[in-house]
Amino acid sequence: MKLLYALFTGLVFGVGIAISGMMDPAKVLNFFDVAGSWDPSLAFVMGGALVLTFFGYRLA
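What counts and how
- Residues numbered from 1 in each chain as written.
- Predicted model: local features only at pLDDT ≥ 70, side-chain atom pairs only at ≥ 80, totals over all residues.
- Heavy atoms only, no water.
- 1 Å grid on protein atoms, 1.4 Å probe; cavity = no way out; pocket = protein on both sides within 12 Å on 5 of 7 lines; lining within 4 Å.
- Points joined across faces, edges and corners; volume = space filled by probe spheres on them.
- Helix = DSSP H or I, 4+ residues; strand = E, 2+ residues; numbered from the N terminus.
- Nonpolar A, V, L, I, M, F, W, Y, C, P; charged D, E, K, R; others polar.
- Phe/Tyr/Trp six-rings, centres within 6.5 Å; stacked < 30°, edge-to-face > 60°.
- Contact = heavy atoms within 4.5 Å.
- Polar contact = N/O pair within 3.5 Å; in protein donor to acceptor, adjacent residues only side chain to side chain.
- Expected span 1.5 Å × (residues − 1).
- Buried < 20%, exposed > 50% of the residue type's maximum accessible area, 1.4 Å probe, protein only.

In this structure, what is going on with the layout of surface pockets? I would like to understand it.
If a probe the size of a water molecule is rolled over the atoms, the empty space left behind becomes visible. A volume near 550 Å³ is recorded for the largest pocket. Along the wall of the largest pocket there are 17 residues; nearest its centre are Val12, Phe13, Ala49, Leu52 and Thr53. Counting residues per element, the ones that place at least two in the lining of the largest pocket are helix H1 (2-20) and helix H3 (41-59). In terms of residues, the lining of the largest pocket owes the most to one element, H3, which gives 10 residues. In terms of residue class, the lining of the largest pocket is built from 12 nonpolar, 5 polar and no charged.

Structure follows, in structure tokens:
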């Protein structure tokens, strides 16, 4: 059963990364390029993950 939970968690993570567009290396590199063409979308993705994790832990 633990293996199924791990598989489900990995699938949810992968789908979330794919939907948010963070599979594109250029988008991630633009997040780290603060002096150039900075792209804050990765920060929004991380913030959304933190909010969901907060509520998930509160429910658990």
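Just checking my understanding: could you explain the packing of aromatic side chains for this structure?
Here the distance between the centres and the angle between the planes together describe a pair of aromatic rings. Per the stated rule, a full pass over the model turns up 3 aromatic pairs. A centroid spacing of 6.3 Å and a plane angle of 35 degrees characterise the contact between phenylalanine 31 and tryptophan 38, whose relative ring orientation is tilted. Among the aromatic side chains, those forming a connected cluster through ring pairs are Phe31, Phe32 and Trp38.

Before we go on, may I ask you to explain the environment of aspartate 39 in this structure?
Relative to the assigned elements, aspartate 39 resides in the loop between helix H2 (25-32) and H3. As a C-alpha pair, aspartate 39 and phenylalanine 13 span 26 residues in sequence and 21 Å in three-dimensional space. If near-sequence neighbours (up to four positions away) are discounted, aspartate 39 is found in contact with Lys27, Asn30 and Phe31. In terms of polar contacts, aspartate 39 uses its side chain to reach the side chain of serine 41, at 3.2 Å.

Where do I start with H1 in this structure?
Residues lying three or four places apart along an α-helix face the same way, a consequence of the helix completing one turn every 3.6 residues. The end-to-end C-alpha distance of H1 is 27 Å, a good match for the 27 Å that 19 residues give at a rise of 1.5 Å each. The buried fraction of H1 amounts to 0 of the 19 residues, a small share that puts the element mostly on the outside.

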